[in-house]
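Residue-level structure breakdown
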Amino acid sequence: LVFTLIELVATLPANTLISRVGQYRKFNPSKGTANLRRVLGLAKEEFWIILGGVLALLVSSGTLMIAPYFFGQVINNAITRNEGLNTTVVILLAIYVGGSIASFFRSWLFTLAGERLVARIRKMLFNAIIVQEIGFFDKNRTGELTNRLSSDTAVIQNAVTVNISMLLRYILQIIGSLIVMFILSPSVTGVLLAVVPIIAIMAVLYGRKLRDLRKKFQDELANASNVAEETIGNIRTVRSFNGEKKTMNHYGEMIENSYNIGRKLALYTGLFNGYMGIFAQGAIVLVLWFGAKQVLEGHLTAGLLTSFMLYALNVAMAFAFITSLYGDFMQAVGASVRMFELMDRDPELKLEGGLKPQKFQGVLEFKEVSFKYPARSDTEVLKDINFKIKPGEMVALVGPSGGGKSTTVNLIEQFYHPNTGSIALGDDDLRNVDAVWLRDNIGLVSQEPILFACSIYDNIQYGCDATRSEIEEAAKQANAHDFITSFSEGYDTLVGERGVRLSGGQKQRVAIARALIKNPSLLLLDEATSALDAESEYLVQEAIDRAMNGRTVLVIAHRLSTVRSASKVLVIDKGRIVEEGTHDQLIEQGGVYKKLVLRQLTAGATTNPSE
Ligand code: ADP
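Residues numbered from 1 in each chain as written. Predicted model: local features only at pLDDT ≥ 70, side-chain atom pairs only at ≥ 80, totals over all residues.

1. Here we look at the overall build of the protein chain
When its secondary structure is counted, the protein chain shows 20 helices and 10 strands. Relative to a compact globule of 611 residues, whose C-alpha radius of gyration would be 25 Å, the protein chain shows 35 Å and is clearly more extended. When its C-alpha atoms are laid out on the principal axes, the protein chain stretches across 120 × 50 × 50 Å. Across the 611 residues in the protein chain, those meeting the buried criterion constitute 34%. Partitioning the intrachain contacts of the protein chain with sequence separation of at least 6 by distance along the chain shows that 80% fall at a separation of at least 24. (Helix = DSSP H or I, 4+ residues; strand = E, 2+ residues; numbered from the N terminus. Rg over C-alpha atoms; globule rule 2.2 N^0.38 Å. Buried ≥ 20, exposed ≤ 12 C-beta atoms within 10 Å, placed from the backbone. Contact = placed C-beta atoms within 7 Å.)

This is the structure:
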């Protein structure tokens, strides 16, 4: 019953709001309402808590209902010098105390339910986001996604607990007060009811204007947050280009835009309050005047009129709060639509559920693979790519920057599927292979490895769950053990955001250890192009050589020594394999490869847009 009631109450304002929201969000109205109902469905686990809250709400509203009556009685007692004054005061006090205790329970239980609900929603939403395919993340801003996790969920939390409980409370307050008022004096209530619709219509008209402004304000603020997030996240680049002034101005402009709307919002809110105040209080005075005349004519006692006026104030306040709740509900409808869109989104590439071969074996073969990135579907990045990597073989990819080397690696990792053609592992099409299984068998070391903001130990263990001795062994293999143990905190040293507290060479060696810990069958390497000092370079190179030993390797090569030892070199340019063979054969051909070698392979490859 309670749920039906809540649901009913929740959908009532939502319905009227969505038609307006639809003007700029193009919502399907029934969808928006359905979403709110779905959010309430999610709150089913909090049923008992909410039920407790509703009961407390009934009690506290009930006390609000009867208190004014006794308030009036105290006054009547005083006027008529009645003996019962003290008793009435004690009753009034008891009502207020009881009401406050009930208020405590109401507020506590509803807030508690909200916290529980939002914690669950956040987990569900995060889980839904994190399994989306990589193409999804190419298209959606990080800030936008994290925003949904933090703000949208908070808005929803508020709506389904605090706002609904307030709505319930005010509706009860209005209905209850009107009933009591009607009993006290039908004629005065009639006068009051005659003026209420006028005020309500004005509130709606004004509220509409406010809502539009609020929406614009939110949008502008979101733009500013995006700028802030991007610059703070990339402060090193900002600093090195002396970009502080520029970003200050840029952010300042964005904030100025939101301020300009905020300024209007402040004015309109003020006007709204003043304007509503005049009408609401005018109505009260009108009722008071009418009531006073009734007292003069002997139809009403002074005490009853006082009670009546308190009830009228209750009703007026409840109306005012309900109008302010409209905006919150509308925001929640928008937030829940966005949230469920995300929660319901089926990733285009599934993580699990494919074939899980016993062993990672067989030839890895690209067959007429062509590919466009989902975020830039007008450009074919790979065209008709054919090549094979046999088990134990080391194949090197070389070519000018932007040619498609990293993209090739991305396809093997199953970050994307080819648009045409296929990639096979032995007899299986990679499309049908379980992606989690596949990645368990692949070690990826990228050009500029990203570490997580935790300890070195946890970073290496990110590759897979391993014992301490396995982790140290992997670190030794990766030439990282010595530098790690030279830190006072050893493996527990925190590396900072993205690993900023380590040098480039150290980061790379930790990343190699992280890849080795899972003992991958296939190693995908992107050699660093950024210059390391000779010592570091030697250590990294030695670690890589050791890692390659006995494994199938595909390496994006920037070093002559690497391509020399490769059993096959593929030259990729503008999305096509333009040359293929061993180093010696290709030098003999005297084509693109030879030119690249003369430029030491790395020239021009330092700015890789996909990194
Ligand atoms: P390479 O590794 O050879 O330098 P890439 O494979 O990184 O080249 O890039 C090939 C092309 O694909 C480039 O034109 C690049 O702009 C584009 N590209 C790379 N990553 C993406 C992406 N995530 N979304 C859209 N286009 C991309």
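And the narrative resumes.
2. Re the sheet that holds strand E5 (residues 428-429)
Strands in a sheet are paired, the pairing made by backbone hydrogen bonds, and the direction either parallel or antiparallel. The four strands lie next to each other as E2-E1-E4-E5, forming an open sheet whose pairing is antiparallel. For this open sheet the edge positions go to strand E2 (376-389) and E5, each flanked by a neighbour on one side alone. As defined by bridge partners, strand E1 (residues 364-373) adjoins E2 across seven bridges and the pair is classed as antiparallel. When the sheet's bridge partners are listed, Glu 365 is paired in E2 with Lys 388. Of the strands in this sheet, E1, E2 and strand E4 (420-425) touch helix H11 (residues 405-412), which is tilted by about 75° from E2. (Pairing = 2+ DSSP bridges. Axes fitted to C-alpha atoms, helices over the stretch in contact; angles between N-to-C directions.)

3. What to know about the environment of Asp 434
Within the fold, Asp 434 resides in the loop between E5 and helix H12 (435-440). Separated by 83 residues in the primary sequence, Asp 434 and Leu 351 place their C-alpha atoms 6.9 Å from one another. Excluding residues within four positions of it along the chain, Asp 434 makes contact with Glu 352, Gly 353, Gly 354, Leu 355 and Lys 356.

4. Structural notes on the nonpolar core
Ranked by size, the top nonpolar core spans 69 residues in total, and within it Ala 396, Val 398, Ile 512, Ala 513, Ala 557 and Val 569 carry the most contacts. The element contributing the most residues to this core is helix H16 (residues 504-516), with six residues. Looking at which domains feed residues into this core, each of domain 3 (353-441 + 522-528 + 552-611) and domain 4 (447-519) supplies at least three. Look past the residues within four positions of Val 398 in its chain and what remains in contact with it is Ala 557, Val 563, Val 569, Val 571, Tyr 593, Leu 596 and Leu 601. One finds Ala 56, Ile 121, Ile 164 and Leu 342 within the second-largest nonpolar core, a separate group that totals 51 residues. (Core = buried A, V, L, I, M, F, W, Y, C linked by C-beta atoms within 7 Å. Domains from an automatic or database assignment.)

5. What to know about the domain arrangement of the protein chain
For the protein chain, the assigned domains read domain 1 (1-185 + 331-348), domain 2 (186-299), domain 3 (353-441 + 522-528 + 552-611) and domain 4 (447-519). Taking only C-alpha atoms, the centre of domain 3 and the centre of domain 4 are 26 Å apart.

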